[in-house]
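Coordinate inspection notes
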Amino acid sequence: MCNLHPRRLIGRRTVLGGVLGAGVLLAAGRLRASAGPGEPRTVAARQRYFGVANVDPETGAVRADRVVLSWVGCATYAVAFAGSVLLLDAWVPRLTSSGYSPATPQDLADLRPEAILIGHGHFDHAGDAGRIAQASGAVVHGTAEHCAAIRAQVPEARLATVALGDAHTPIGQRHEFTVGAVQVTAVRHIHSGPTAPDRDDPAAPVFPAPEWCALVRHPPSLEGVLQNLPRLLDAENGVLLYQLRVPGFSLVWHDSAGPLTEKAPQVFDVLGGLPATDLHIGTVQGFNQFTNGLRDPRTYIEALGPALFVPTHHDNWLPGLTSAAAAYDPALLAELARIPSGARPELRSLHDPADYLNPARLTFLL
């Protein structure tokens, strides 16, 4: 239990406002480059994020017979998938609260990911991508606009990027590529957004309460604000959902859940046409929750038919706008109960901050 004193909160806001005003004059620091997979920093980072038993202590290689995911915060995950290391999104929460997530951008660079898959271009998804790619040599995958914006984050670097369509790509279009032994399908879909209450498929509005104590215990740092400030107005630049698969296991991840029912119903058929999904990690927080509750996340689940669903982008990194993950559990359980029992996935909620960098929660044997 923490006590919030009005003067203390006003002081923090005043300080934050001053920092934001001054921050436009300063640039984010460059991350240290990693020399190679067997470097002690890389071994240590991989053991921390993926578990000691899953990483060779000499070479830093991750086990090829495992899929391991480590939640960084918001919708960002570090992934060891059949021997390949990659990032899903590339941002560590630290705008209004510093240290709430124990990860750092330097950690993510030290993992030496082969690839960074960008869901969309807003700051809380791609804000650290340029520096991480520069330091690690990771190949950035996203729309042409995502790639251009991330290259602009580090104009002095020559980043490797792969464009998966552009702003004019039809909603629902698929793109195929590989990362190591992993087959990847990217599907163009849409960002969350408000729509009128759906009379044909009504869902109770969701208004989870923020946990303000996080801001008191983890106040913003000057470094975190200055690093995020230049990214606050970054554009969405299109939204991509990814399916990653190897024989015997498939994972779907997306960092937004749009109102497909009203705006892009053709995407349901595309999602239903993907190979069977074992693990679905999908955003549950969105702008439509205030009028249509968690209907949109449910429709993605129904289209994909996963065995296991893990909600994401629902943690308390920005108190006042976001909420602790546990606050979503009652509404999510109620929404999943609307799916017939034979088609309903198992739910595995990750709760912040305890489940940040907790690979034991999402480790799977191939």
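So, here is what we can say about the structure in this document. (Residues numbered from 1 in each chain as written. Predicted model: local features only at pLDDT ≥ 70, side-chain atom pairs only at ≥ 80, totals over all residues. Heavy atoms only, no water.)

Here the focus is the layout of surface pockets. The computed volume of the largest pocket comes to approximately 570 Å³. Along the wall of the largest pocket there are 29 residues; nearest its centre are Gln285, Phe287, His313, Leu321 and Thr322. For the lining of the largest pocket, the secondary-structure elements that each account for two or more residues are α4 (123-126) and α11 (289-292). Looking at the lining of the largest pocket, its residues break down into eleven nonpolar, 14 polar and four charged. In this structure, the second largest pocket encloses a volume near 260 Å³. In terms of lining residues, the second largest pocket is bounded by 20 residues, among which Arg94, Thr104, Pro105, Glu223 and Gln227 are the most central. It is helix α8 (residues 222-228) that contributes the most residues to the lining of the second largest pocket, three residues altogether. Residue composition of the lining of the second largest pocket, by class: six nonpolar, nine polar and five charged. (1 Å grid on protein atoms, 1.4 Å probe; cavity = no way out; pocket = protein on both sides within 12 Å on 5 of 7 lines; lining within 4 Å. Points joined across faces, edges and corners; volume = space filled by probe spheres on them. Helix = DSSP H or I, 4+ residues; strand = E, 2+ residues; numbered from the N terminus. Nonpolar A, V, L, I, M, F, W, Y, C, P; charged D, E, K, R; others polar.)

Take the side chain of Asp329 next. Considering the arrangement of structural elements, one finds Asp329 in helix α13 (residues 329-336). Although Asp329 is buried, it makes no salt bridge; Arg361 carries the closest opposite charge, 8.4 Å away. In this structure Asp329 touches Ser349 and His351, once residues within four positions along its chain are discounted. (Buried < 20%, exposed > 50% of the residue type's maximum accessible area, 1.4 Å probe, protein only. Lys, Arg positive; Asp, Glu negative; His and termini not counted. Salt bridge = Lys/Arg side-chain N within 4 Å of Asp/Glu carboxyl O. Contact = heavy atoms within 4.5 Å.)

Spatially, seven strands are ordered β6-β5-β4-β3-β2-β1-β14 in an open sheet, and the strand pairing comes out mixed. Where the open sheet ends on each side, the last strands, each with one partner, are β6 (161-163) and β14 (363-365). Across the sheet, the mean angle from the axis of one strand to that of its neighbour is 20 degrees, orientation sign disregarded. Pairing of strand β5 (residues 139-142) with β6 involves three bridges; the strand directions are parallel. Bridge pairing links His141 to Val162 in β6. Contacts from helix α2 (residues 40-50) reach β1 (66-73), β2 (76-81) and β3 (84-88), with the element oriented near 100 degrees to β2. (Pairing = 2+ DSSP bridges. Axes fitted to C-alpha atoms, helices over the stretch in contact; angles between N-to-C directions.)

Working note: regular strand, side chains alternate between the two faces of the sheet. The buried fraction of strand β12 (residues 308-312) is high, at five of five residues. Alternating residues of β12 divide into Leu308, Val310 and Thr312 and Phe309 and Pro311, and every residue in both groups is buried. Direction of pairing for strand β11 (residues 279-283) relative to β12: parallel, over a ladder of five bridges. Within β12, the position partnered with Thr283 by the bridge is Thr312. Where β12 lies against strand β13 (residues 346-347), two bridges are found, and the strand directions are parallel. Across the sheet, the residue bridging to Leu308 is Glu346, located in β13.

With that settled, the discussion passes to the packing of aromatic side chains. Scanning the model with the defined rule gives nine aromatic pairs in all. Among the aromatic residues, those joined into a cluster by ring pairs are Trp71, Tyr100 and Tyr356. (Phe/Tyr/Trp six-rings, centres within 6.5 Å; stacked < 30°, edge-to-face > 60°.)

Sheet strands pair by backbone hydrogen bonding; their relative direction is either parallel or antiparallel. An order of β7-β8-β9-β10-β11-β12-β13 is seen for the seven strands of this open sheet, with the pairing classed as mixed. Here the strands that pair on one side only, and so sit at the sheet edges, are β7 (174-179) and β13. Against the sheet, helix α12 (residues 295-304) contacts β8 (182-189), β9 (239-246), β10 (249-254), β11 and β12, and its axis sits at roughly 160 degrees relative to β11.

The next thing to look at is empty space enclosed by the protein. According to the stated counting rule, one finds two cavities of 30 Å³ or more in the structure shown. Its volume calculated, the largest cavity comes out at about 70 Å³. Ala257, Val284, Gln285, Gly286 and Pro297 are the residues nearest the centre of the largest cavity, which is lined by 13 residues in total. Broken down by class, the residue content of the lining of the largest cavity amounts to five nonpolar, seven polar and one charged. What the second largest cavity holds in volume is close to 40 Å³. Forming the walls of the second largest cavity are Gly121, Ala126, His146, Ala149, Ile150, Gln153 and Asp234. If one sorts the elements of the lining of the second largest cavity by residue count, helix α6 (residues 144-153) sits on top with four residues. Residue composition of the lining of the second largest cavity, grouped by class: three nonpolar, three polar and one charged.

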